[in-house]
Amino acid sequence: MSTPSLAKKDAATDRAIALTTRGLTKSFGSLPVARNIEISLPVGARYALIGPNGAGKTTLINLMTGMLAPNAGQILLGGKDVTALGPQDRVRRGLARTFQINTLFAGLNALEAVTLAVLEQRGLSGQFWRGVGSHGEAIEEAYDILRRLRLGDSCYQVTRELPYGRQRLLEIALALATRPKVLLLDEPAAGVPQEESGEVFEAVASLSDDLTLLFIEHDMHVVFRFASHIIVLVSGAIFTEGSPAEIAADPGVREVYLGKRKHG
Amino acid sequence: MIPAATTVTPQAYLQARSRWHPLEIAFWLATLLPFVLFPNYLSLASQIAITALFALSLDIILGYAGIVSLGHAAFFGIGAYTAGLISKFGWGEPISGLIVAAAVAGLVGFAVSFVIARFRHFTLIMITLGLGLLAFEAANRAHWLTGGSDGLQGISIWPVLGLFKFDLYGYTAYTYSLAVLFVVFLGARRLINSPFGLALRGIRENWVRMPAIGADSRAHIRKAYTIAAAIAGLAGAVLAQTTENVSLESISFQRSADVLVMLVLGGAGRLYGGLVGAIIFMVARDQFSGIAPQYWYFWIGVLLITVVMVLPNGIVGGLSHIYGRWRRK
């Protein structure tokens, strides 16, 4: 885990910044879903993004990853402006995400799916004259990722037949196969029974310290346990941000969010 | 699911998936049977091999990448007319004719692929349907070049490799069509088992996830579409050369629809689906049209509805499912 001093914004600035958004703004018609969002993720961060339903958390991830185009503002990855780049180009520059609703390759097994992602990362996916089976290193890398997420023994099973909890882990495995520098997790344990959601987050917590993480999560126990810094989003705008202790003590947050907790 | 999974290394597992199955070898040996068993039907056998090749080309884009096409005959027709015209203007050497025809069809496919790669589903069905109709009317209109509804006449193909003349019985025709089918099949099989083939399956399985793993789906689709168009052109060229005739039928909507039916019957996305579908469709057409020439599509309709209702993955899909369960017992 990161140092507690991360909680203070000024302390964070002297570390290298992995991802920055500047004045990110988006509306769907007349409905603003992102208002002037300014976020800086220092390298190795473990940030949580919380907020009531409809606050625009997933929208923010869609904007950061390029799945939605902002009306205004910029996204900088490692100091370079990536606002004009498409999603796949951002992934290749090290910005990966997972999906709140499983977005997997239903008919591929876990090994094939992660191997595909590794082959894409290595720029080998256009090759059509050699068998997949001859790319030993890529397969080994894929299997390694699967094993780290404890999917090793179910990697030959077709994705759609995997238990739901394992599918959630495969979501993360696919993202890791792109060798991300920044990983945005959209409710990684969504739909997983509470007793098992810890397992998903243990897997998240065991990821490399160099990896910058931002995750959306509703379960406040999980948030306080795994996040070093919390950003609270309300109605498309940043309501406040700070260390878990600061957020827990903030009466405003209590009112808008903690007070009417319905998840968990 | 697979009990021995823990004892197999991941690489060995993936390698085993592309290994030749004894049933595959049996299938290809069986394609030689018409020479012995049905020497009077070699022309039909040749037509089947050509149609199977055409179905194989559609399988690459529809079965593997999930890109629907209702106008695939456009490329078949372009290949057929190209091969026919080369011969008509004095160059009757068949193999070079094939290569040129495939190149022309592939080039047109490449140009079209920029449009294709941008759309999905219903829009794509309409676009490909429209393109198919455009190609048909262009061929119909260009009477001076294609012979329009009279067909392209005056094709004369030289002996294959300077040795084998196309005979009346279809010995050379079937040998030639089967050889082209087999060579292309080997290539397609390699492609399907390659990283590129895996990427195509990824596009089919989840279009949204592909960019999120850094994949450029559109580039993949353009490539697959170009390859499929070239193979379709090759099939058309073989038809033109073996029959020494190109009719408007070769570029018609009917042909686009038929090949789709064959692929669905046989099972899309399994390489052999188009081949088996072509055999069933063509034999059924031959037999039923002998009984009732006007109404033979009735039986194809019955067959199609039955298969899609009972075997959603087609005949090959159903058979491999049964075989898989039998193996596990």
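Residues numbered from 1 in each chain as written. Chains lettered and ligands numbered in written order. Predicted model: local features only at pLDDT ≥ 70, side-chain atom pairs only at ≥ 80, totals over all residues.

Some words on the confidence of the model for chain A
Residue and element names in this part refer to chain A. Confidence along chain A averages 88 in pLDDT terms, with 91% of residues attaining 70 or more. Within chain A, no element has a lower average pLDDT than helix H1 (residues 9-13), which sits at 46, and none a higher one than helix H4 (residues 110-121), at 96. Counting interchain partners and residues more than four positions distant, the pLDDT-below-50 stretch residues 1-13 has 18 contacts. (pLDDT = per-residue confidence, 0-100. Helix = DSSP H or I, 4+ residues; strand = E, 2+ residues; numbered from the N terminus. Contact = placed C-beta atoms within 7 Å.)

Comments concerning helix H6 (residues 164-176) of chain A
Residue and element names in this part refer to chain A. Taking 1.5 Å as the rise per residue, H6 with 13 residues should run 18 Å; its terminal C-alpha atoms sit 19 Å apart, in good agreement. The set of residues buried in H6 consists of Arg168, Leu169, Leu170, Glu171, Ile172, Ala173, Leu174, Ala175 and Leu176. Against the buried residues of H6 lie strand S6 (95-97), H4, helix H5 (136-148), strand S7 (182-186) and helix H7 (194-205). (Expected span 1.5 Å × (residues − 1). Buried ≥ 20, exposed ≤ 12 C-beta atoms within 10 Å, placed from the backbone.)

Digging into the interface of chain A and chain B
With 40 residues of chain A at the interface, the matching set in chain B holds 32 residues. Secondary-structure elements contributing two or more residues to the side of chain A that touches chain B are helix H3 (87-92), H4 and H5 of chain A. Grouping the constituent residues of the side of chain A that touches chain B by class yields 20 nonpolar, 14 polar and six charged. (Nonpolar A, V, L, I, M, F, W, Y, C, P; charged D, E, K, R; others polar.)

Section: the sheet that holds strand S9 (residues 229-234) of chain A
Residue and element names in this part refer to chain A. Strand order in the open sheet formed by six strands is S6-S7-S8-S3-S9-S10, with mixed pairing between adjacent strands. Looking at strand neighbours, the two that pair on one side only are S6 and strand S10 (237-242), the edges of this open sheet. The average angle at which neighbouring strand axes cross in this sheet is 20 degrees, direction not considered. Relative to S7, S6 runs parallel, the two sharing three bridges. Residue pairing in the sheet places Leu95 in a bridge with Val182 of S7. Helix H2 (residues 57-65) contacts strand S3 (46-50), S6, S7, strand S8 (212-216) and S9 of the sheet and is inclined by roughly 150 degrees relative to S7. (Pairing = 2+ DSSP bridges. Axes fitted to C-alpha atoms, helices over the stretch in contact; angles between N-to-C directions.)

Quick word on the pairing of S10(A)
All names here are of chain A. Judged from the five bridges that link them, S9 and S10 form a sheet pairing that is antiparallel. Paired with Ile230 across the bridge in S10 is Gly242. Counted along the chain from S9 to the antiparallel partner S10, the turn is two residues long, and its residue Ser235 has a positive phi close to 50 degrees.

Points about the nonpolar core
Counting 182 residues, the largest nonpolar core has Val114(A), Leu146(A), Ala173(A), Leu53(B) and Leu234(B) as the members making the most contacts within it. Looking at this core, you find at least three residues from each of domain 1 (1-94 + 181-264) and domain 2 (104-179) of chain A. Residue contacts for Leu234(B): discarding those within four places in its chain leaves Leu53(B), Gly79(B), Leu98(B), Ala101(B), Ala102(B), Val180(B) and Val184(B). (Core = buried A, V, L, I, M, F, W, Y, C linked by C-beta atoms within 7 Å. Domains from an automatic or database assignment.)

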